[in-house]
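# Overview (structure and organization)
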Amino acid sequence: MTSRTTGRIAHFLGLVLVTACALFPVYWMFSSSFKNQVDLLAAPPVWTFTPTLQNYVDVFADPKTLNGTINSFIVASATTVLALLFGTPAAYALARFEFRGKADLWFWFITNRMISPIVLALPVYLLAQQARLLDTHIVLVLIYLTFNLPIVVWICTDQFRSIPPELEQAARLEGASQFRIFWQLYLPLGAPGVAVSAIFSFIFSWNELLYALVLTRRAAQTAPVAATSYMSGYEVPWGKIMATGSVIVLPVIVFSIIVSRHMVRGLTMGATK
Amino acid sequence: MAFLRLQNIVKRYGDLPVLRDVSLEAEKGEFVVFVGPSGCGKSTLLRIIAGLEETTDGQVFIDGADVTDVEPARREVSMVFQSYALFPHMSVRNNIAFGLKMSGMPKPQIEEAVAEAARILQIEPLLDRKPRQLSGGQRQRVAIGRAIVRQPKLFLFDEPLSNLDAELRAQMRIEIARLHRSLGVTMIFVTHDQVEAMTLADRIVVLRAGRIEQVGTPSELYARPANMFVAGFIGSPRMNFLDVEVVGSSQGAVTLVHPAFPDGPVSFPISRPAPMAGERVSLGLRPEQLNLEGRGRASLAATFDIAENLGGTSHVYAQIAGGETINIAIPGQPRATPGERLLASFDPQDAYLFDRDAQAL
Ligand SMILES: Nc1ncnc2c1ncn2[C@@H]1O[C@H](COP(=O)(O)OP(=O)(O)OP(=O)(O)O)[C@@H](O)[C@H]1O
Ligand SMILES: [Mg+2]
């Protein structure tokens, strides 16, 4: 055997190992959601079992799950849309305009992510209480925006900077307005960055647990909070939790697959020599 | 009043001066070529005319109006960028139509204008392709197409041919000349390539380090360069410069010595006041004005070094006394062998003389 084939096999095995490690928890979650309580608690764990849909029946019988999923969807979509709406023009400005305080503004965006979220949980709770926003979608959207905007701004600024400036100048010469240049050049050509930041933003908002736990009770409770809420009391219904987890993961996967189609490289190919 | 007038244009990036007091006029329909070494400010000047760059000082007039503070789109100027700058996500058709759409032209008229431009540039079969599916020459035509549909008052080309291969370059050069003739619009063309400059230009503007060195028709610049820089820049192969000493001068003539003159001092006609005896000046001789057949009243003794055969002509490199190398352009091929002694002859009235400050005498 040549050293090249050995190398390839090692490479392949390495990739398999990494993939297996990454996917095993997901597999365990899905498979567990089809187990009954006896199989779930079996030691050593069982690999073959008779699948049951009982967990899903229980989960959907509980209005918390459906409500939580709907709330998560509302909050994550609203956050993502708003983050893109405000973040992409900001990124365009940071990428292409010179203005006073640009470097400071840039740094400020970074500092937003320096503080551990839990440090702010109590102040945010008190603020939300004062503003009578507890247990609303709005408070979650606002707080998630503070996390997602910097991500959108960073990723998109970097992406917009990679667009040749002559394209904008050519468009200006042709009479395009600033808005049109942003809308018809920067957004389509920066689509990969916009897509990546949209995915990040959506996933973050969808999965966020800490603030959702602190700021919601019932009306605006999101899916992750609903999943953990089953843990109350003496018994831990693993099957139900795993089933809820599986239900939660699905929309994110679908969203990512749809958006990732825009994540192609080389969109600006052919623009310049 | 001239169609395009640049008045005392100054441009600085921070403290770095890029253009220092550039003034220039161009007539309607004229083809003006900017030449100069890399970084001398050609693109910057073009972008100032287009309005993409603000001037630090000075004014730009187009068609009688002061447009110094007018936004680019209102100047009715089209530019073909050094890098083409096609919109990569739009089809060729939409690239060409972009400016017309912005101006709110009705659809049927846009289609007509695009079709007309495509016909002129012979890119009709490419209209539905994306820029990445085109060759360099095709992209360049699309960029020109985008510029001509708007029927601008002024065309700006920034080294549009610099990335094309030699053959395509020659072909596009002719097409641009043809386009200029058929549209009759003022064009300003930036290039590094002095063949392009000589063949396309009505007038050439030679720039160096942000200043205009000389403006003139190609033949004027070739025949009467104002200084050594222009003399060295215009004409290919490059002019030979020899360091010579003045031994005598009279009204309209100057006598010079150089170790390579086989018969002692040589007298050269001169139009400006002659320098004093003892001064050192530069003698410029174009390679094509030197010959190996003894034609001319003066000559240089040289030793054959190497020859470049270009097919019909050859460039002969030879060493002369004093250690300088001269280049002689001759028809056919030299029959000399390395180390052989040659006599490079010329007519003193064809020679160029420059004073110590490199200004023409
Ligand atoms: N935005 C800028 N900031 C600072 N300096 C600049 C900027 N743009 C150009 N320059 C400088 O101005 C000078 C002239 O640049 P310009 O692009 O006009 O040169 P050019 O003559 O077109 O050169 P080339 O033939 O290489 O295209 C260069 O020294 C360049 O470094
Ligand atoms: Mg340039």
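Along every chain, residues carry numbers that run from 1 in the direction the sequence is written. Each chain is given a letter, starting from A, and each ligand a number, starting from 1, according to the order in which they appear as written. A pLDDT threshold of at least 70 governs which residues receive local features in this predicted model, and a stricter bar of 80 or more applies before side-chain atom pairs are shown or counted, although totals over entire chains, interfaces and linings include all residues. As a rule here, side-chain values cover all heavy atoms of the structure and leave hydrogens and water aside.

A few words on the overall build of chain B. Assigned secondary structure in chain B consists of eight helices and 19 strands. Throughout, exposure labels follow a simple rule: accessible area from a 1.4 Å probe, protein chains only, divided by the maximum for the residue type, with under 20% read as buried, over 50% as exposed, and the rest as partly exposed. Expressed as a percentage of its 361 residues, the buried residues of chain B come to 52%. In what follows, a contact means two residues having at least one pair of non-hydrogen atoms within 4.5 Å. Nonlocal contacts in chain B, meaning residues at least 24 apart in sequence, comprise 66% of its contacts between residues at least 6 apart. Accessible area of chain B: about 16,200 Å², with a carbon and sulfur share of 46%. In this tally, Asp and Glu contribute negative charge and Lys and Arg positive charge; neither His nor the terminal groups of the chain are included. Note on charges: their place is set at NZ of Lys, CZ of Arg, CG of Asp or CD of Glu. One finds the centroid of the 38 positive side-chain charges in chain B at a distance of 6 Å from the centroid of its 42 negative side-chain charges. To qualify as a helix, a DSSP run of H or I must reach at least 4 residues; to qualify as a strand, a run of E must reach at least 2; elements of each kind are numbered from the N terminus. Only the protein chains shown count as cover for residues, and all accessible areas are computed by the Shrake-Rupley method using a 1.4 Å probe.

All right, on to the site of ligand 1 then. Residue and element names in this part refer to chain B. It suffices for a single heavy atom of a residue to lie within 4 Å of a molecule or strand for the residue to be listed as near it. By nearness alone, 13 residues border ligand 1, and Ser38, Gly39, Lys42, Ser43 and Thr44 come closest of all. Distance and chemistry together define a polar contact, namely a pair of N or O atoms within 3.5 Å, with one atom able to donate a hydrogen and the other to accept it when in protein, and with adjacent residues in sequence counting only for side-chain atoms on both sides. Here an oxygen atom of ligand 1 and a side-chain polar atom of Thr44 are 2.5 Å apart. Relative to its free-state accessible area of 640 Å², ligand 1 is covered by the protein chains to the extent of 61%. Of all elements in the fold, only β2 (16–26) and α1 (42–50) reach the threshold of two or more residues within the shell around ligand 1. By residue number, the principal contributor to the shell around ligand 1 is α1, which donates three residues.

What follows concerns the packing of helix α4 (residues 63–96) of chain A against helix α9 (residues 178–189) of chain A. All names here are of chain A. Axis definition: a line fitted to C-alpha atoms, limited for helices to the stretch in contact. Angles are taken between N-to-C directions and run from 0 to 180 degrees. Relative to each other, α4 and α9 sit at 95°, their axes nearing to 11 Å. One finds that α4 runs roughly perpendicular with respect to α9. For the pair α4 and α9, contact is made by Thr88, Pro89, Tyr92 and Arg96 and by Gln178, Ile181, Phe182, Tyr186 and Leu187, respectively. Three residue categories are used. Nonpolar comprises Ala, Val, Leu, Ile, Met, Phe, Trp, Tyr, Cys and Pro, charged comprises Asp, Glu, Lys and Arg, and polar comprises the others, including Gly. Here the residues of the contact of α4 with α9 are counted per class, giving six nonpolar, two polar and one charged. Roughly parallel covers angles under 35 degrees, roughly antiparallel covers those over 145, roughly perpendicular covers 65 to 115, and oblique covers all other angles.

Turning next to the sheet that holds strand β19 (residues 352–354) of chain B. The strands making up a sheet associate through hydrogen bonds between their backbones, and the pairing can be parallel or antiparallel. Residues and elements named next belong to chain B. The five strands are arranged β13-β12-β11-β14-β19 in an open sheet whose pairing can be described as antiparallel. Among the strands making up the open sheet, the edge pair consists of β13 (266–269) and β19. Averaged over neighbouring strand pairs, the angle between their axes works out to 45° when direction is ignored. DSSP calls a pair of strands paired once it identifies at least 2 bridges connecting them. Pairing of strand β14 (residues 280–285) with β19, which is carried by three bridges, proceeds in the antiparallel orientation. For Ser282, the partnering residue across the bridge sits in β19 and is Phe354.

This part takes up the coordination of the magnesium ion (ligand 2). Sodium, potassium and calcium take a 3.2 Å donor cutoff, other metals 2.8 Å, and in both cases only N, O and S atoms count; water is not among them, so sites may look incomplete. Protein coordination at the magnesium ion (ligand 2): the donors are B:Ser43 (OG) and B:Gln82 (OE1), at 1.9 to 2.8 Å from the metal. Of this pair, B:Ser43 sits in helix α1 while B:Gln82 sits in the loop between β6 (77–80) and α2 (92–102), and the two are 39 residues apart along the sequence.

Below, the discussion takes up the sheet that holds β6(B). Residues and elements named next belong to chain B. On the basis of which strands lie adjacent, the open sheet formed by six strands has the order β6-β7-β8-β3-β9-β10 and mixed pairing. At either margin of the open sheet sits one strand with a lone partner, and together these are β6 and β10 (211–216). The mean angle between the axes of side-by-side strands here comes to 15°, regardless of whether they run parallel or antiparallel. In terms of strand pairing, strand β9 (residues 203–208) meets β10 through five bridges, oriented antiparallel.

Where interface size is quoted, it is often the accessible area lost as the parts come together. Listed by partner, the interface residues are 22 residues for chain A and 30 residues for chain B. Together, the buried faces of chain A and chain B total about 2,300 Å²; carbon and sulfur atoms form 64% of this surface. In the sections that follow, a salt bridge refers to a side-chain nitrogen of Lys or Arg positioned within 4 Å of a carboxyl oxygen of Asp or Glu. The salt bridge partner of B:Arg150 is A:Glu174, with a shortest N-O separation of 3.5 Å. Where chain A packs against chain B, one counts five residue pairs in polar contact (both at pLDDT 80 or more). Examining the composition of the side of chain A that touches chain B, we find that seven residues originate from one element, helix α8 (residues 165–173) of chain A, more than from any other. Residue composition of the side of chain A that touches chain B, grouped by class: eleven nonpolar, six polar and five charged. As used here, buried area is the combined drop in accessible area, with a 1.4 Å probe, of two parts when they are placed together.

Moving on, we get to the environment of B:Met1. Residues and elements named next belong to chain B. You can see Met1 is positioned in the segment before β1 (4–13). Expressed as a C-alpha distance, the spacing of Met1 and Gly64, which sit 63 residues apart in the sequence, is 6.9 Å. In contact with Met1, not counting residues within four places along its chain, are Phe61 and Gly64.

All names here are of chain A. Here Asp135 lies in the loop between α6 (117–130) and α7 (137–161). Accessibility expressed as a relative area gives 18% for Asp135, which makes it buried. Setting aside chain neighbours within four positions, we find Asp135 in contact with Leu215, Thr216, Arg217, Arg218, Ala219, Ala220 and Gln221. Here the side chain of Asp135 touches Ala220 through a polar contact of 3.0 Å, landing on its backbone nitrogen.

Residue and element names in this part refer to chain B. Segmentation of chain B into domains returns domain 1 (4–230) and domain 2 (240–354). Using only C-alpha atoms to locate each centre, domain 1 and domain 2 end up separated by 39 Å. With six residues of domain 1 at the contact, the number on the domain 2 side is six residues. Take the side of domain 1 that touches domain 2: its biggest share by element is three residues, from helix α7 (residues 218–223). A class-by-class count of the residues in the side of domain 1 that touches domain 2 yields five nonpolar, one polar and no charged. Marked domain ranges trace back to an automatic or database domain assignment.

The next point concerns the side chain of A:Thr244. Here A:Thr244 shows up in helix α13 (residues 238–260). A polar atom in the side chain of A:Thr244 sits 2.7 Å from the backbone oxygen of A:Lys240.

Across the eleven residues that make up α2(B), a large majority, eight, are buried. When we look at burial in α2(B), the residues that qualify are B:Val92, B:Asn95, B:Ile96, B:Ala97, B:Phe98, B:Gly99, B:Leu100 and B:Met102. Contacts from the buried residues of α2(B) go to α8 and α9 of chain A together with α3 (107–121) and α4 (136–148) of chain B. Trailing α2(B) by a residue or two, B:Gly104 shows a phi angle of about 80°, which is positive.

Now for the nonpolar core. A:Phe160, B:Leu4, B:Phe34, B:Leu154, B:Leu156 and B:Ile188 are the most contacted members of the largest nonpolar core, which has 72 residues in total. A total of ten residues in this core trace back to one element, the largest contributor, which is α7(A). In this view, B:Leu4 contacts B:Leu24, B:Glu25, B:Ala26, B:Ile49, B:Val60, B:Phe61, B:Ile62, B:Leu154 and B:Ile188; residues no more than four positions away in its chain are not counted. By nonpolar core we mean a set of buried residues, namely Ala, Val, Leu, Ile, Met, Phe, Trp, Tyr and Cys, connected to one another through side-chain atoms within 4.5 Å.

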